[in-house]
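What follows is the residue order along each chain.
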Amino acid sequence: MNIVIMGCGRVGARVAAIFDSEGHKVTVLDIEPYSFRRLPANFNGTAMVGNGIDVDVLRRAGIEQADAFAAVTQGDNRNVMAAQIAKHIFNVPKVVCRIYDPLREELYHTLGLETISPTNVGAQLVKDAIEKA
Amino acid sequence: MYIIVAGGGKVGYYLAKELLSEGHEVLVIEQSAKKCEQISEELGSIALRGDACETTTLADAGMARADMVVAVTGDDEDNLVICQVAKKKFNAPRTIARINNPKNEPIFRKLGIDVTVSSTNIILEHLEAELPTHSVVHLLELRAQGLEILDIKVPPNSPAVGKLLKDLPIPANSVVSLHLSLKHGPSIPKGDSVIEAGDAMVVVTTPENEARLKEVLTGR
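Definitions and cut-offs
- Residues numbered from 1 in each chain as written.
- Chains lettered and ligands numbered in written order.
- Predicted model: local features only at pLDDT ≥ 70, side-chain atom pairs only at ≥ 80, totals over all residues.
- Core = buried A, V, L, I, M, F, W, Y, C linked by C-beta atoms within 7 Å.
- Buried ≥ 20, exposed ≤ 12 C-beta atoms within 10 Å, placed from the backbone.
- Helix = DSSP H or I, 4+ residues; strand = E, 2+ residues; numbered from the N terminus.
- Contact = placed C-beta atoms within 7 Å.
- pLDDT = per-residue confidence, 0-100.
- Domains from an automatic or database assignment.
- Nonpolar A, V, L, I, M, F, W, Y, C, P; charged D, E, K, R; others polar.
- Pairing = 2+ DSSP bridges.
- Axes fitted to C-alpha atoms, helices over the stretch in contact; angles between N-to-C directions.
- Expected span 1.5 Å × (residues − 1).

Looking at the nonpolar core
Stage number 1. By size, the foremost hydrophobic cluster in this structure holds 71 residues, and its most contacted members are I5 of chain A together with V5, A6, V69 and I82 of chain B.
Stage number 2. With seven residues, the single largest contributor to this core is helix α4 (residues 76–90) of chain B.
Stage number 3. Residues in contact with V5 of chain B, not counting those within four places in the same chain, are G12, L15, A16, V26, V28, V70 and V72 of chain B.
Stage number 4. L150, I152, V176 and V203 of chain B belong to the second largest nonpolar core, which has eleven residues in total.

Here is the structure:
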């Protein structure tokens, strides 16, 4: 698979490293080159500096040939915008978007985006762990 | 009308001021406490502190009865989400987004924003109108029809100079609607109008045909 990941924070870098180690072609985007320190030394993919809500940057990152796109920056709105561009402008088959705000996540989920809210998921895990003990 | 302005920076502030002076009911949503205070001091208590992307803030702002939402923050992604939340969650009748990156204009339209205003494009258009080397000036965009109105100046070295209008290969979906002749003043162009150097033509065309039309009239 050809995967473009926007945001090289802890999650982005980890996802990139996993897919890379499984032999997929990975391009990871971040506006801050310092973020790429999180990638493992044996990372074979491409690390590219640029803003993922700019269509030209996405094109350079190879979004037109991508099988999947993940928006995992710190900004909910940036993720929402980039994910919608990937889905509706470039017709990427698989688009995943992280949204911290549960209300916004619910809205964009009903609008057809594949969304993940770490807030909801994390809260549920913590609750389950407490109840299990 | 009740108008919600998201973003209390310079654009938001002056917009709210103008709208108030026209008698509209206005609420400015702004995250910075300092800016909110400033707006309240100068324009009255019309500022609400909060994140306009959050549904709770918009609900507090009385989004359900708003006639229009104008998102004028400095970030395109925020303006997009504000308008989408207003539209999809609250059925806002009309949403207007300010755009900084001109390339985002078609994207916003495709994603359901009613009107976009690109500050960068507006400044660019004024610049190109002032630059003598620019032979094509964008006068107006007729978005609903997918057409635009251009003012094209015919330079002395243009292949069109000395020719009749009917002999020019004007592309499809294009109408030369006004001939501004240096010698004879303005006129409605006819097939036998003679194009001369320094004349300007006001043309209705589609964005796709713009380059071809420019070539026909200016040779560039």
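So, next bit.
Concerning the confidence of the model for chain A
Stage number 1. Here chain A averages 95 in pLDDT, while 100% of its residues score no lower than 70.
Stage number 2. Confidence, expressed as mean pLDDT per element, reaches its minimum in chain A at helix α4 (residues 102–110) of chain A with 93 and its maximum at strand β4 (residues 68–71) of chain A with 98.

Regarding the domain arrangement of chain B
Stage number 1. Domain annotation of chain B identifies domain 1 (2–119) and domain 2 (129–218).
Stage number 2. The distance between the C-alpha centroids of domain 1 of chain B and domain 2 of chain B comes to 38 Å.

Some thoughts on the interface of chain B and chain A
Stage number 1. Counting residues at the interface gives 16 residues for chain B, matched by 17 residues for chain A.
Stage number 2. Put simply, the parts of the chain that give the side of chain B that touches chain A at least two residues each are α4 and α5 (104–110) of chain B.
Stage number 3. Broken down by element, the residue count for the side of chain B that touches chain A peaks at eight residues, all from α4 of chain B.
Stage number 4. Among the residues forming the side of chain B that touches chain A, the class breakdown is six nonpolar, two polar and eight charged.

Quick notes on the sheet that holds strand β5 (residues 95–99) of chain B
Residue and element names in this part refer to chain B.
Stage number 1. Strand order across the open sheet formed by six strands is β3-β2-β1-β4-β5-β6, with parallel pairing between neighbours. The open sheet terminates on both sides in strands that have one partner only, identified here as β3 (47–49) and β6 (115–118). The sheet shows a mean angle of 20° between the axes of neighbouring strands, direction not considered.
Stage number 2. Helix α1 (residues 10–21) contacts β1 (2–6), β2 (25–30), β4 (68–71) and β5 of the sheet and is inclined by roughly 165° relative to β2.
Stage number 3. Where helix α6 (residues 119–130) meets the sheet, it contacts β5 and β6, and its direction lies at approximately 55° from that of β6.

Notes on α6 of chain B
Stage number 1. Between its first and last C-alpha, α6 of chain B extends 17 Å over twelve residues, near the 16 Å set by a 1.5 Å rise per residue.
Stage number 2. Little of α6 of chain B sits inside the fold, with zero of its twelve residues counted as buried.

Some details on unusual backbone geometry
Stage number 1. Of note, N91 of chain A is a non-glycine position whose phi angle comes to about 50°, a positive value.
Stage number 2. The topology assignment puts N91 of chain A in the loop between α3 (76–89) and β5 (94–98).
Stage number 3. Despite not being glycine, N173 of chain B shows a phi value in the positive range, around 60°.
Stage number 4. Residue classification places N173 of chain B among the exposed residues on the basis of 12 C-beta atoms within 10 Å.

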